Structure formats: C-alpha cells, structure tokens
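# An overview of the molecular structure
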Amino acid sequence: MSENQNLLAEQRRALILDEVRRRGGVRVNELTRKLSVSDMTVRRDLDALARQGVIEKVHGGAVPVVEASTHEPGFEVKSTLELTAKEDIARVAAAMAVPGSAIALSGGTTTYALAQHLLDVPELTVVTNSVRVADVFHTAQRSAATGGPRAGAATVVLTGGVRTPSDSLVGPVADQAIGSLHFDVLFLGVHGISVEAGLSTPNLAEAETNRRFVHSARRVVVVADHTKWGTVGLSSFATLEQVDTLVTDSGLSAQAREEIEEHLPGLVVAGETAGDEPSDS
C-alpha cells in the first residue's frame, strides 16, 4: 500500500480490507504508517468495515471475517455495501449493451444498479430471474408520462421460480425458461470469484440457474466489485475461462488483476481511464 494522505475514505478502506485479507490481520499502528493518517482515522475506517461485516476488530487491529460457504446475505444487507463501486461498474457495463439486443440479467445488487442504467438503451429484450431488476423496468414503464408504452422501452421477461434471500428466482421453472432461450450478452452478478473455484454461490439451486444462464449466452460479462475476489461459496457454477469480461472497480489489488488476466480475456476496471472505454475483447 502506498502512503497517500489524499486517499478518499472508500479507497483507503479498500486498501485496508485488501491488507487484512492478504495478511490475515493487521495492527492499527502498521496502518497509520502505511497510509500516513492518524490513529483515529484508521480506527474510524476499521469501525466502518466492521459495520459492513467484512472484518472483525480485535485488540490493536483487525482480522478478516471468515463466513461459512453456505452463508447468503439478504438483498437489503448487500445493497448497503460498496455503493460507489457498484455504480461505477453499472455505468461502464451498461455501455456494453447494444440497442435492440437480447440480454440476460441475473439477480444481485450490482445487476440491480446496472438495470437502472439500461433504461436508456432502446429496444432491449431483457430476461431476468431477479424480482428487483424486473421492478426497475416495470416502474420506469408505469411512471412514463404517456398513456402507452414509452418509445424504445425494454421488453422484460421474468423467469418465475422460487425466491432466494437475494430476491432471485431459481429452481426447475427458472431453469427450464432460461435453457430454452439464447442471449447476446449475460450480465452476471456473483457471490464469489476465485481462480480455484471460479464463480460460486452459497445457494445450490441458484448455482444451477446461473449455470443455465452461462450456457445460454454468447457472451458472459461478470459484474462484481473487488470484495467478491477471493470469496468462495458452497457451489461453483462456472470457471473463469467461461467468462468473457469481468467488470470490477479500482479497489481490486494488483496481484488479483494479474491472476485474473491470466485466466480470462477481458478485465475492465471501472473508475480508471482504461475502464471507462470498454471494448468487445
């Protein structure tokens, strides 16, 4: 970590979290030296990270929180985390949606943010298993000033299925619907991503539904903030080699970037110059 007094709080906390996870724990006095900030600033950062549930404070420092591979936070909890990162990712990913194309959006808070940016892309056909994502398009349609459908409004197909804690619809009904369709692009949110486990989720039924999504798409774009890297859920549903592009945020460490670039063809980092101009590679 470089010493920089001008880091934004969110950037500083991302660096602290990366250090905690990489080393298995850090001390407050180490962080004050590395970041060139006060003891009080570091403690406030640790308090904020502890409230997010990603670290555990211990005497004199912090250690990572190790969650069970079956733990699945609800949508409301996840929607309060990494808001700036998710917005940056959504803005960049939305530029990858071609007007008039057929796209799929999986469940998740990042795809929910993406859906709001896709409202301005005309003539999309959107297939989703997310109740929240579908509501974004339906609410926009209802709020239109005209009496009928607004020009260029997306056609939205909600798969049906059994609802998960993250408000995704999964199970045989969803699987059958998705398996019979073909998408130009899949925008996929994930619980965890790593070299060894690939893409994973704590929910077995959701893993199968996501597997159907991946198999039905010509191009797979994973939208995931940096905290998802290194997280492993109970069930893997795709390898990194099955992903065409990962859109993430600038909190991703240099080491993680090197590992990702070895296994998939496209890495786009939102919030950085290169990430603001996504390519079709």
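Residues numbered from 1 in each chain as written. Predicted model: local features only at pLDDT ≥ 70, side-chain atom pairs only at ≥ 80, totals over all residues. Heavy atoms only, no water.

### Some details on the overall build of the protein
Our working definition: Helix numbers and strand numbers start at the N terminus; a helix is a DSSP run of H or I with at least 4 residues, a strand a run of E with at least 2. Buried, partly exposed and exposed residues are distinguished by accessible area as a fraction of the type maximum, computed with a 1.4 Å probe on protein chains only: under 20%, between the cut-offs, and over 50%, respectively. Here a residue-residue contact requires only that any non-hydrogen atoms of the pair lie within 4.5 Å. The Shrake-Rupley method, run with a 1.4 Å probe sphere, supplies the accessible areas, and residue values consider only the shown protein chains as cover.
On a plain count of helices and strands, the protein comes out with 10 helices and 15 strands. Split into buried and exposed, the 281 residues of the protein put 50% on the buried side. Of the contacts formed within the protein by residues at least 6 apart in sequence, a portion of 66% connects residues at least 24 apart. A total of about 13,000 Å² of accessible surface is found on the protein, and carbon and sulfur atoms cover 50% of it.

### Considering unusual backbone geometry
Non-glycine residue serine 36 carries a positive phi angle of around 55°. For serine 36, the location among the structural elements is in the loop between α2 (28-35) and α3 (39-51). Judged by its relative accessible area of 26%, serine 36 is partly exposed. A positive phi angle, near 60°, is found at glutamate 123, a position not held by glycine.

### So, empty space enclosed by the protein
Here is the rule: Cavity: a set of points on a 1 Å grid over the protein atoms alone where a 1.4 Å probe fits but cannot get out. Pocket: an open set with protein on both sides within 12 Å along at least five of seven lines, its lining residues, like those of a cavity, having an atom within 4 Å of a point. Grid points are joined across faces, edges and corners, and a volume is the space filled by probe spheres set on the points. Gly counts as polar in this scheme, as do all residues outside two lists: the nonpolar Ala, Val, Leu, Ile, Met, Phe, Trp, Tyr, Cys and Pro, and the charged Asp, Glu, Lys and Arg.
Taken as a whole, this structure holds 1 cavity of 30 Å³ or more when the rule is applied. Size it by volume and the largest cavity reaches roughly 40 Å³. Taken together, Ile193, Ala224, Asp225, His226, Trp229, Leu246, Thr248, Leu252 and Ile260 make up the full set of residues lining the largest cavity. Of the residues contributing to the lining of the largest cavity, the split by class is 6 nonpolar, 2 polar and 1 charged.

### A word on the sheet that holds strand β13 (residues 235-238)
Backbone hydrogen bonds are what pair the strands of a sheet, in a parallel or an antiparallel way. Put simply, the test is: Between any two strands, pairing holds if DSSP finds at least two bridges. The angle between two axes is taken between their N-to-C directions and runs from 0 to 180 degrees, where each axis is a line fitted to C-alpha atoms and a helix contributes only its stretch in contact.
In spatial order, the strands read β10-β11-β13; together these 3 strands make up an open sheet with antiparallel pairing. Where the open sheet ends on each side, the last strands, each with one partner, are β10 (192-194) and β13. Strand after strand, the sheet turns through a mean of 35° between neighbouring axes, direction not considered. Sheet topology places β10 next to strand β11 (residues 198-201); 3 bridges connect them, and they run antiparallel.

### Here we look at the pairing of strand β5 (residues 125-128)
Selection criterion: A crossover counts as right-handed when, viewed with the strands pointing away from the observer, the path leading from the first strand over the helix to the second turns clockwise.
With 4 bridges joining them, strand β4 (residues 102-105) and β5 adopt parallel strand pairing. Bridge pairing links isoleucine 103 to valine 126 in β5. A crossover connection joins β4 to the parallel β5 through helix α6 (residues 109-118); in handedness this β-α-β unit is right-handed. Direction of pairing for β5 relative to strand β6 (residues 155-158): parallel, over a ladder of 4 bridges. The partner of valine 127 across the bridge, within β6, is valine 157.

### Considerations on the confidence of the model for the protein
Convention followed: The pLDDT value expresses, per residue, how confident the predictor is, ranging between 0 and 100.
Mean pLDDT for the protein: 84, with 85% of residues reaching 70 or above. pLDDT under 50 marks residues 1-6. Its contacts with residues more than four places away, or in other chains, come to 15 contacts.

### Side note on the side chain of serine 200
Put simply, the rule reads: Any pair of N or O atoms that falls within 3.5 Å is considered a polar contact. Within protein, one atom must be able to donate a hydrogen and the other to accept it, and sequence-neighbouring residues count only if both atoms are side-chain atoms.
Tracing the chain through its elements places serine 200 in strand β11. Judged by relative accessible area, which is 0%, serine 200 ranks as buried. A polar atom in the side chain of serine 200 sits 2.8 Å from the backbone nitrogen of glycine 233. Contacts of serine 200, omitting those with residues within four sequence positions, involve His191, Gly192, Thr231, Val232, Gly233, Ser235, Ser236 and Phe237.

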